[in-house]
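Structural features, examined
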Amino acid sequence: MLIEINSPIFKCIEDKNIFLSRLRELPNFSKLHVNEVKYYLTLTGSKAKMPITELQEICNIWGTSFITTSE
């Protein structure tokens, strides 16, 4: 599953590093690609086991939202 995260708000570089670390720690993490202000997160495995609640919590902290698409 490909997830597009739009324009998270960072207070400093350490804040950005924590955000990226939290994304990489998600279950089923496969890869992360950054394109200007959009972050593309790829998760593998069953759609039923995707950590959507955890991802929503992360996005809430950094004032952003996400959309999911199929690869």
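The structure reproduced in this document is the subject of the present report. Each chain has its residues counted from 1, following the order in which its sequence is written. Residues qualify for local features only when their pLDDT is at least 70, as the model is predicted, and side-chain atom pairs are given and counted only at 80 or more; totals for whole chains, interfaces and linings, by contrast, use all residues. Note that the side-chain values use all heavy atoms of the structure and ignore hydrogens as well as water.

Judged by nonpolar contacts, the single largest core of 16 residues is most densely connected at I3, I5, F19, L23, L41 and L55. Listed by contribution, the elements that provide at least two residues to this core are β1 (2–6), α1 (13–24), β3 (38–43) and α2 (52–61). With near-sequence residues (within four places) excluded, L41 lies in contact with M1, L2, I3, L23, L26, F29, K31, L32 and L55. The term nonpolar core refers to a set of buried residues drawn from Ala, Val, Leu, Ile, Met, Phe, Trp, Tyr and Cys, joined through side-chain atoms within 4.5 Å. Classification of residues uses two cut-offs on accessible area relative to the type maximum, computed with a 1.4 Å probe and protein chains only: under 20% is buried, over 50% is exposed, and between them is partly exposed. By the criteria applied, helices consist of DSSP H or I runs no shorter than four residues and strands consist of E runs no shorter than two, each listed in order from the N terminus. When checking whether two residues touch, look at their non-hydrogen atoms; a contact exists if any pair is within 4.5 Å.

When their charged atoms lie close together, side chains carrying opposite charge are able to pair. We count a salt bridge whenever a side-chain nitrogen from Lys or Arg sits within 4 Å of a carboxyl oxygen from Asp or Glu. Inspection of every chain in the model, using the stated rule, returns one salt bridge. K38 is paired through a salt bridge with E4; the nearest N and O atoms lie 2.9 Å apart. Of this pair, K38 sits in strand β3 while E4 sits in strand β1, and the two are 34 residues apart along the sequence.

Strand order across the open sheet formed by four strands is β2-β3-β1-β4, with antiparallel pairing between neighbours. The sheet terminates laterally at β2 (29–35) and β4 (65–69), the two strands that pair on one side only. With direction set aside, neighbouring strand axes in the sheet form an average angle of 20 degrees. In this description, strands pair whenever DSSP reports at least two bridges between them. With six bridges joining them, β2 and β3 adopt antiparallel strand pairing. Residue pairing for β3: F29 is matched across the bridge by L43. Throughout, an axis means a line fitted to C-alpha atoms (over the contacting stretch in the case of helices), and angles, computed between N-to-C directions, take values from 0 to 180 degrees. Along the sheet, α1 contacts β1, β2 and β3; its crossing angle with β2, the most-contacted strand, is approximately 145 degrees. Running over the sheet, α2 touches β1, β3 and β4 and is turned about 145 degrees from β4.

Attention now goes to the side chain of T64. Among the secondary structure elements, T64 is positioned in the loop between α2 and β4. Once residues lying within four places of it in the same chain are set aside, the contact partners of T64 are I5, N6, S7, P8 and C59.

Bridge analysis of β1 against β3 gives five bridges, and the strand direction is antiparallel. Directly across from N6, in β3, lies its bridge partner K38.

Geometry only, nothing functional implied.
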